[in-house]
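Close look at the chain arrangement
Okay, here's what each chain looks like letter by letter:
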Amino acid sequence: MKRTNQLRRGSCISLFKRNRLPSPFQYYKGQGLKFIGGGEWKSACCPFHDDKRPSLRVRLDTGGFRCMACGAYGGDVLAFHMQRHRLSFIEAAKQLGAWEAER
Ligand SMILES: [Zn+2]
């Protein structure tokens with residue numbers, strides 16, 4: 001079979017290694033979130049606003065999250081990391097070990 005995947009997309013994208021992102025469970029635990037509840041969506045206190053009761057819903061399989069109170073949401077741990085620490089996509093990917101070292 002002939003290889004035709006000559007990627008000429010932005011080099012930015014090819015440096016991002018999604019499969020090196022930490023598992024959602026490990027990541028969120030490291031961020032100090034405490035989960036309650038069963039099922040697909042767990043609940044935790046939202047770090048994006050002054051949360052008095054667990055308003056944040058998190059999926060531990062995908063890392064997706066959504067806050068029922070302040071509206072913060074994202075699709076994975078990378079989106080969470082960017083918002084929580086106000087990082088760019090690249091900075092967040094680097095911190096999470098999902099960015100291939102540039103040379
Ligand atoms: Zn919130």
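Residues numbered from 1 in each chain as written. Predicted model: local features only at pLDDT ≥ 70, side-chain atom pairs only at ≥ 80, totals over all residues. Heavy atoms only, no water.

Where an unreviewed UniProt entry is consulted, the protein appears under the name CHC2 zinc finger, with the organism given as Nitrosospira multiformis.

1. Describing the coordination of the zinc ion
Looking at the zinc ion, one finds its protein donor set to be C46 (SG), H49 (ND1), C67 (SG) and C70 (SG), positioned 2.0 to 2.3 Å from the metal centre. When its relative accessible area of 4% is taken as the criterion, C46 is described as buried. (Donors = N, O, S within 2.8 Å, 3.2 Å for Na, K, Ca; no water. Buried < 20%, exposed > 50% of the residue type's maximum accessible area, 1.4 Å probe, protein only.)

2. A word on the sheet that holds strand β2 (residues 56-59)
Strand order in the open sheet formed by four strands is β1-β2-β3-β4, with antiparallel pairing between adjacent strands. Two strands lie at the open edges of the sheet, namely β1 (41-44) and β4 (73-74), each paired on one side alone. Where β2 lies against strand β3 (residues 65-67), three bridges are found, and the strand directions are antiparallel. Paired with R57 across the bridge in β3 is R66. Along the sheet face, helix α3 (residues 77-85) touches β2, β3 and β4 and points at about 45° away from the line of β3. (Pairing = 2+ DSSP bridges. Helix = DSSP H or I, 4+ residues; strand = E, 2+ residues; numbered from the N terminus. Contact = heavy atoms within 4.5 Å. Axes fitted to C-alpha atoms, helices over the stretch in contact; angles between N-to-C directions.)

3. Quick look at the packing of aromatic side chains
All chains considered together, the criterion is met by eight aromatic pairs. Here a set of aromatic residues connected by ring pairs shows up, and it is made of Y27, Y28, F35, F48, F65 and F80. It is R66 that lies over the ring of Y73; its NZ or CZ is 4.8 Å from the centre. (Phe/Tyr/Trp six-rings, centres within 6.5 Å; stacked < 30°, edge-to-face > 60°. Lys NZ or Arg CZ within 6 Å of the ring centre and 35° of its normal.)

4. Some points on unusual backbone geometry
With a phi close to 50°, R86 is a non-glycine residue in the positive phi region. When you line up the elements, R86 lands in the loop between α3 and α4 (89-95). Taking relative accessible area as the criterion, R86 reaches 76% and is therefore assigned exposed.

5. Let's talk about the environment of V58
Tracing the backbone shows V58 in strand β2. Taking relative accessible area as the criterion, V58 reaches 0% and is therefore assigned buried. Leaving out residues up to four positions away in the same chain, V58 has contacts with Y28, L33, F35, E40, W41, K42, G64 and F65.

6. Thoughts on the state of the cysteines
Scanning all chains against the criterion turns up zero disulfides. Summary of cysteine pairing: C45 is not part of a disulfide, and the nearest cysteine sulfur, belonging to C46, is at 8.6 Å. Residue classification places C45 among the partly exposed residues on the basis of a relative accessible area of 40%. (Disulfide = S-S within 2.5 Å.)

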